[in-house]
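# Structural characterization, general
Okay, here's what each chain looks like letter by letter:
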Amino acid sequence: MTTATRGTFRSLRSFNYRVWAVGALISNIGTWMQRTAQDWLVLTQLTNHNASAVGIVMALQFGPQMLLLPWTGFAADYFNQRKLLLVTQGTMGVLALLLGLLTVSGLVQLWHVYVFAFLFGSAAAFDAPVRQTFVAELVGEEDLSNAVALNSTSFNAARMVGPAIAGLTIASVGTGWAFLLNGISFVAVLASLSLFRVAELRSNARAQRVRGSFSEGLRYVWQRPDLKAMLIMLFLIGTFGLNFPIFLSTMAVGVFHTDARGYGLLSSFMAIGTLSGALIAAGRDRPQFASLLIGAVIFGIGGLLAAMAPGYWYFAGALVITGIAAITFTNTSSSLMQLATEPAMRGRVMALRVGVALGGTPIGAPIVGWVADHFGPRWSLGVGAASGFLAALVAIYAMMRPASQPRERDA
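Keep in mind that this is a model prediction, so the values were computed, not measured.

## With respect to helix α2 (residues 15-46)
Compared with the 46 Å implied by 1.5 Å per residue over 32 residues, the 45 Å span of α2 between its first and last C-alpha is a close match. At W40, α2 shows its largest kink, close to 25°.

Structure (structure tokens):
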């Protein structure tokens, strides 16, 4: 094994992180199967290619990230993180099984998907900040940015496999089985959480249960120009740019007229880009604010290329570029915000990050879906590309002000 490889995969030296990585990879594959199947179910089985309905599902699924923000961040800072993950992961597994049973039995209706999207999103709202900050307990702060990047590598490796498996599953045995397989996949991550060497966890300082803990987190971020700049960039790209269930499904069905297999393959192509970007990020020693600017610019360029793609394979190639940019941007923001935040505040800051990045989806997804329905899928991709260029302008403004540079805490 080369020195570079040891650097890229250095977090795997930890037993707890190795166990976590295996369980998370299996569960992530199931998650991507469900995402693909859910969009396909709504677009082709429950509606007549209605992109706005897909947008509503996304709004309901990601809306709780903002709606529950006063509680999710504090929960990550206050409760035992391993036990909280057992609850959130178990809840999401049960919801996936129930939706799968409804679909397999032929009873599923559009409003069922809406309800389950909201319930799943509510559980995910509590899960996301604790899952992102929990890696510090697994590896310590010296390998934090590497662990964040490897988590993203796992997520995007699953993104490369999961949609393709979902496409095959939908074509062969039906959409409902993709949901059922996702529910079963949560057993892996629950088992990994149970197998940890608890004595080796690096527990961080826990927050105190006091009134106004959420407003304390807001004040903390408000006093940090670097954190504010990153949150604005995340809002722009998260609200209007990271709507790939709409972009991919409408382009696959409305422009290239492909089937479930072709749709799943497009998600896998994008995953090639995100996986490559995650591995590049894992090899870096420390994240840099300039990477946010680079990621935003390339995201805009990739979106434009995808919008103008003359054919299916050109579109797939543009998705690789867009995937590299998206993961460079999201990984860098996650690592920078964690390293720049005091441990006792980290859960609330990361909840704000997730809430801003995903909580804007109730605004952006219906708008992007409406644009796709009324002007065509290519124009909706143009909206996503514009969000990358606007975020780049925010980064340039922040870099021109020395006070807004990220302040990493001393390791």
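## Some details on the environment of M233
Examined against the element boundaries, M233 turns out to sit in helix α11 (residues 225-240). Non-local contacts of M233, meaning those with residues more than four positions away in its chain, are made with L292, A296, F329, A391, V394 and A395.

## Focus on the nonpolar core
Ranked by internal contacts, the top residues of the largest apolar core, which has 106 residues, are W20 and F315. Broken down by element, this core gets its largest block of residues, 13 residues, from helix α7 (residues 110-139). Each of domain 1 (9-197) and domain 2 (214-402) accounts for three or more of the residues forming this core. Discounting chain neighbours no more than four positions away, the residues touching W20 are L85, R131, F134, L138, N151, V189, S192, L193 and F196.

## Quick look at the environment of T44
Inspection of the secondary structure puts T44 in helix α2. The spatial distance from the C-alpha of T44 to the C-alpha of A278 is 32 Å, given a sequence separation of 234 residues. The contact partners of T44, leaving out residues within four places of it in the chain, are H49 and V253.

## Focus: the environment of V113
Inspection of the secondary structure assignment puts V113 in helix α7. Assessed through its relative accessible area of 0%, V113 is described here as buried. In contact with V113, other than residues within four places in its own chain, are Q38, L41, V42, L46, V57 and V108.

## Thoughts on the packing of aromatic side chains
In the structure shown here, the tally under the stated rule is 10 aromatic pairs. For the ring pair W40 and Y263, a centre distance of 5.5 Å and an interplane angle of 20° mean the geometry is stacked. Here W40, found in helix α2, pairs with Y263, found in helix α13 (residues 260-282); they are 223 residues apart in sequence, far enough to count as distant. By the burial criterion, W40 is buried, and Y263 matches it. Here a set of aromatic residues connected by ring pairs shows up, and it is made of F256, F269, Y312, W313 and F315. Of note, R35 hangs over the ring of W32, and the distance from its end group to the ring centre comes to 4.7 Å. When the ring centre of F15 is taken as reference, the NZ or CZ atom of R197 above it lies at 3.8 Å.

## Some points on the pattern of salt bridges
Scanning all chains against the criterion turns up four salt bridges. We note a salt bridge from R131 to D127, for which the minimum N-O separation is 2.6 Å. Taken together, the residues R131 and D127, both in helix α7 and four residues apart, mark about one turn of the helix. Its relative accessible area of 33% is what places R131 among the partly exposed residues.

Each value, and the rule that gives it
- Residues numbered from 1 in each chain as written.
- Predicted model: local features only at pLDDT ≥ 70, side-chain atom pairs only at ≥ 80, totals over all residues.
- Heavy atoms only, no water.
- Helix = DSSP H or I, 4+ residues; strand = E, 2+ residues; numbered from the N terminus.
- Expected span 1.5 Å × (residues − 1).
- Bend = angle between axes of the 7 residues up to and from the residue.
- Contact = heavy atoms within 4.5 Å.
- Core = buried A, V, L, I, M, F, W, Y, C linked by side-chain atoms within 4.5 Å.
- Buried < 20%, exposed > 50% of the residue type's maximum accessible area, 1.4 Å probe, protein only.
- Domains from an automatic or database assignment.
- Phe/Tyr/Trp six-rings, centres within 6.5 Å; stacked < 30°, edge-to-face > 60°.
- Lys NZ or Arg CZ within 6 Å of the ring centre and 35° of its normal.
- Salt bridge = Lys/Arg side-chain N within 4 Å of Asp/Glu carboxyl O.

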